[in-house]
Amino acid sequence: MNAPTARDTGGRQMAWAGHTAAVLAIAFGLFSFYWAAGGTFGLDTLGGAIQRMAERRNSGFITVVWITGALKVAGGLFSLSLVRPWGRVVPRPLMLLAGWGGAALLTVYGALQVGSLLLVASGVLTPSDPVEWKPLLWRLFVWDMSFLVWGVLLFLATRTYVMNHPRRPERRGGN
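Cut-offs used in this document
Residue indices follow the written sequence of each chain, beginning from 1 at its first position. Reporting in this predicted model follows two pLDDT cut-offs: at least 70 for local features of residues, and 80 or more for side-chain atom pairs to be given and counted; totals over whole chains, interfaces and linings ignore these cut-offs and use all residues. Each side-chain value is worked out from all heavy atoms of the structure, with water and hydrogens disregarded. To define axes, lines are fitted to C-alpha atoms, for helices over the stretch in contact only, and angles between the resulting N-to-C directions are given on a 0 to 180 degree scale. Helix and strand labels come from DSSP, where a helix needs a run of H or I of at least four residues and a strand needs a run of E of at least two; each type is numbered from the N terminus. For classification, angles of less than 35 degrees are called roughly parallel, those exceeding 145 degrees roughly antiparallel, those between 65 and 115 degrees roughly perpendicular, and all remaining angles oblique. Note: crossing handedness is left-handed where the near helix turns anticlockwise from the far helix by less than a right angle, and right-handed where it turns clockwise. Here the nonpolar group is Ala, Val, Leu, Ile, Met, Phe, Trp, Tyr, Cys and Pro; Asp, Glu, Lys and Arg are the charged ones; every other residue, Gly included, is treated as polar. What pLDDT expresses is the predictor's confidence in each residue, scored from 0 to 100. Contacts between residues were defined by any pair of non-hydrogen atoms, one from each residue, lying within 4.5 Å. The length a helix should cover is 1.5 Å for every residue beyond the first. Each residue is placed in one exposure class: buried if its accessible area under a 1.4 Å probe, protein chains only, is under 20% of its type's maximum, exposed if it is over 50%, and partly exposed if it falls in between. Polar contacts, as used here, are pairs of N or O atoms within 3.5 Å; protein pairs need one atom able to donate a hydrogen and one able to accept it. Residues neighboring in sequence count only if both atoms are side-chain atoms. Like charges within 9 Å and nonpolar side chains (Val, Leu, Ile, Met, Phe, Trp, Tyr) within 5 Å are joined into patches, using only residues over 30% in relative accessible area that form no salt bridge. Using the Shrake-Rupley algorithm and a 1.4 Å probe, accessible areas are obtained, with residue cover drawn only from the displayed protein chains. The rule for a salt bridge is simple: a side-chain nitrogen of Lys or Arg has to be within 4 Å of a carboxyl oxygen of Asp or Glu. UniProt positions are given in the numbering used here, feature names are shortened, and annotations may be inferred rather than shown by experiment.

With an unreviewed UniProt entry as reference, the protein chain is termed DUF3995 domain-containing protein, source organism Streptomyces rugosispiralis.

So this is what it looks like as structure tokens:
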């Protein structure tokens, strides 16, 4: 009997990352759709200009919210495709580009947002406007943190994809 390979153990064990990333992304996409459609529950957790534009139903802003909702849902489906068999229909180089690139963008964006909010929350930075604590804490621990977490999960899901879909050896000598 052969010993389990990395593909047999690590890849399957890490599939949770793709599933979790998908749930997170789709859930946040649904929130975007809800707000774009006129829902108001939770708007007070956004704060500042974003909350005001949503409350005023600024058409340009609402269009952006619909688009970001669609991108989040698409990103969730992509996260899932990294760990599900149907993800094999997309060429490996495109999967890797989207996986590593998306992981890097989400992680960096989330880290910058969370880092800046931590600086404000700890009093290191003082914004020109008074701090709205409820939105700041929601953005710190939920909204902006979700991008950081999604980025890390996407990194793990992409790593799982690499483990489960090794590069095919090139054929040489006319074989």
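Caption draft 1: A look at the packing of helix 2 (residues 15-36) against helix 4 (residues 59-81). Here helix 2 crosses helix 4 at 165°, and the two axes come no closer than 7 Å. Regarding the angle of helix 2 to helix 4, the classification is roughly antiparallel. For the pair helix 2 and helix 4, the sense of crossing is left-handed. The residue makeup of the contact of helix 2 with helix 4, split by class, is 14 nonpolar, nine polar and one charged.

Caption draft 2: Region of interest: the confidence of the model for the protein chain. For the protein chain, the mean per-residue pLDDT works out to 90, and 88% of the residues sit at or above 70. Averaged pLDDT values for the elements of the protein chain fall to 60 in helix 1 (residues 10-13) and rise to 97 in helix 5 (residues 92-121). Within the model, pLDDT remains below 50 along residues 1-8, and this stretch shows seven contacts once partners closer than five positions in the same chain are excluded.

Caption draft 3: Spatial organisation of helix 4. Between its first and last C-alpha atoms helix 4 spans 33 Å; for 23 residues at 1.5 Å apiece the expected length is 33 Å, and the two agree. Along helix 4, the residues that are buried comprise F61, I62, V65, G69, K72, V73, G75, G76, F78, S79 and S81. As for helix 4, its buried residues are in contact with helix 2, helix 3 (48-56), helix 5 and helix 6 (133-164). The N-cap of helix 4, judged by a side-chain oxygen 3.1 Å from the amide nitrogen of G60 a few residues on, is N58.

Caption draft 4: Main features of a nonpolar patch on the surface. Nonpolar side chains collect at one region of the surface, where V89, V90, L94 and L97 lie side by side and expose about 400 Å² of accessible area between them. Here L94 is to be found in helix 5.

Caption draft 5: Region of the structure containing the UniProt feature "transmembrane region" (unreviewed entry) in the protein chain. Taking the UniProt record as the reference, the feature "transmembrane region" (unreviewed entry) is found at residues 21-41, 61-83, 95-120 and 140-162. Helix and strand shares over residues 95-120 are 100% and 0% respectively, and the end C-alpha atoms of the span are 37 Å apart. A distance of 32 Å separates the end C-alpha atoms of residues 140-162, which is 100% helix and 0% strand.

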